[in-house]
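Below, each chain spelled out in residue letters.
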Amino acid sequence: MSWKLDKTRPICPQICEQICVRIANGEFKPNERLMSVREVAVTAGVNPNTVQKSFEQLDAKGIIYSVRGSGWFVSAETVTAKDEVDQLVRSKTADYFDQMNALGMDNSEIKQYVKEWNTNE
Amino acid sequence: MSELLRCENLTKNYGRITALNNVSLVIPRGKIIGLLGPNGSGKTTLIKILNGLLTPTEGSLTIDGFKPGVETKSRVSYLPDSSYLNSWMTVEQIVNMFVDFYPDFRPELAYKMLKNLDIDPSVKLKTLSKGNKEKVCLILVMSRNAQLYVLDEPIAGVDPATRDYIISTIINNYNPDASVLLSTHLISDIEQILDEVIFINKGVVELHKTVDEIREENGMSVDELFREVFRW
């Protein structure tokens, strides 16, 4: 399992996001056991305390849950994880529009580019 | 979170030069902490005081409630900035020496790491390259089951792949009762595994924050912030 971490952003939310993405896209299935804190720490090359904090935040949102003595599991309900990803997509889209605006494009021009890019695919 | 190390108003003068100026710090258990600062900022002085190799001019320092001395030496595993091992000894002889010296030494762990890094325990230390000697020193230090690991420049002389191995060794060896204090210049390689960073400059603690706080507040990595704070 690989983790892509941006060095200019806090690590904790990035771990949360990437777990949500994997739940939303079905890579991690409902009620499936997650990797342990230590496994995530080692594979991502990050501090175990940070991973623990990420897991606790996901737990608070009902995205994952812990079972005493056997680790962390994906919640049966994946709606919240999908919502998180949706929010992420929306904020990335906003970023994209900002960048294109900075290049002098107005919103209708940007939409045209997106449309053409799609058809070129 | 229980406290492992406390230093209060620590000052160290070398003649008229002040190496540490009124440093106060608390380090809890279960943390990996980076001690960062430019050359000559006082990092090694602080590390030497907490190992009992130097005595402070003023102020106090305790580890698990004890002043540096016999009790703290059984709790602190120290990697100095230069090797002190006898180069005519074989790696295996040195491992045996550590077994004799430290009741908390885990030889099976040392041999496992030596094997992973492809170092033959039957060779003499002097036949190893600089990087491989450093690996042996670090393996010995990490093989103790200590409460505080103090690593002075642990990754400076080794290749990037070995750096990754060392970093994963530190993570794998993580224990909620123990802390790791490490000094380094190679911040970008190591910042992801740190809980907290301490910036020290001219003997003064300039900043003591978590890595995520720094990234959140400044929108930049610890490495970038360091370059900005200590720009010439």
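Residues numbered from 1 in each chain as written. Chains lettered and ligands numbered in written order. Predicted model: local features only at pLDDT ≥ 70, side-chain atom pairs only at ≥ 80, totals over all residues. Heavy atoms only, no water.

Enquirer: Tell me about the pattern of salt bridges, and please be specific about residues and values.
Expert: Residue and element names in this part refer to chain B. If you walk through the whole model with that rule in mind, you get 14 salt bridges over all chains. In this structure, Lys209 engages Glu217 in a salt bridge whose closest nitrogen and oxygen atoms are separated by 2.9 Å. It is possible to trace a salt-bridge network through shared partners that takes in Glu3, Arg6 and Glu8. (Salt bridge = Lys/Arg side-chain N within 4 Å of Asp/Glu carboxyl O.)

Enquirer: Help me get a handle on the interface of chain B and chain A, residues and values and all.
Expert: Of the residues lining the interface, 22 residues belong to chain B; the matching set on chain A comes to 20 residues. Carbon and sulfur atoms make up 48% of the area that chain B and chain A hide from each other, which totals about 1,600 Å². Taken together, chain B and chain A are joined by zero salt bridges. Of all the secondary structure elements, the ones that give two or more residues to the side of chain B that touches chain A are helix H6 (160-172) and helix H8 (211-218) of chain B. Element by element, the count of residues in the side of chain B that touches chain A is highest for H8(B), at four residues. A breakdown of the residues in the side of chain B that touches chain A according to their chemical character gives seven nonpolar, eight polar and seven charged. (Contact = heavy atoms within 4.5 Å. Buried area = accessible area lost by both parts, 1.4 Å probe. Helix = DSSP H or I, 4+ residues; strand = E, 2+ residues; numbered from the N terminus. Nonpolar A, V, L, I, M, F, W, Y, C, P; charged D, E, K, R; others polar.)

Enquirer: Residues and numbers for the nonpolar core, please.
Expert: A:Ile15, B:Leu151, B:Ile170, B:Val197 and B:Phe199 are the most contacted members of the largest nonpolar core, which totals 75 residues. When residues of this core are assigned to their parent elements, the largest contribution, seven residues, is made by helix H5 (residues 130-142) of chain B. With sequence-adjacent residues up to four places away left out, B:Leu151 is seen in contact with B:Leu79, B:Leu138, B:Val141, B:Met142, B:Ile170, B:Val180, B:Leu181, B:Leu182 and B:Ser183. Core analysis: the next-biggest nonpolar cluster, separate from the first, contains 23 residues, B:Ile33, B:Ile47, B:Ile49 and B:Tyr78 among them. (Core = buried A, V, L, I, M, F, W, Y, C linked by side-chain atoms within 4.5 Å. Buried < 20%, exposed > 50% of the residue type's maximum accessible area, 1.4 Å probe, protein only.)

Enquirer: Summarise the packing of helix H1 (residues 11-24) of chain A against helix H4 (residues 79-102) of chain A; cite the residues concerned and give the values.
Expert: All names here are of chain A. At a minimum axis separation of 8 Å, H1 and H4 run at an interaxial angle of 115°. Crossing handedness for the pair H1 and H4: left-handed. Seen from H1, the contacting residues are Glu17, Cys20, Val21, Ile23 and Ala24; seen from H4, they are Ala81, Lys82, Glu84, Val85 and Leu88. Across the contact of H1 with H4, the residue classes break down as seven nonpolar, no polar and three charged. (Axes fitted to C-alpha atoms, helices over the stretch in contact; angles between N-to-C directions. Left-handed = near helix turned anticlockwise from the far one by under 90°.)

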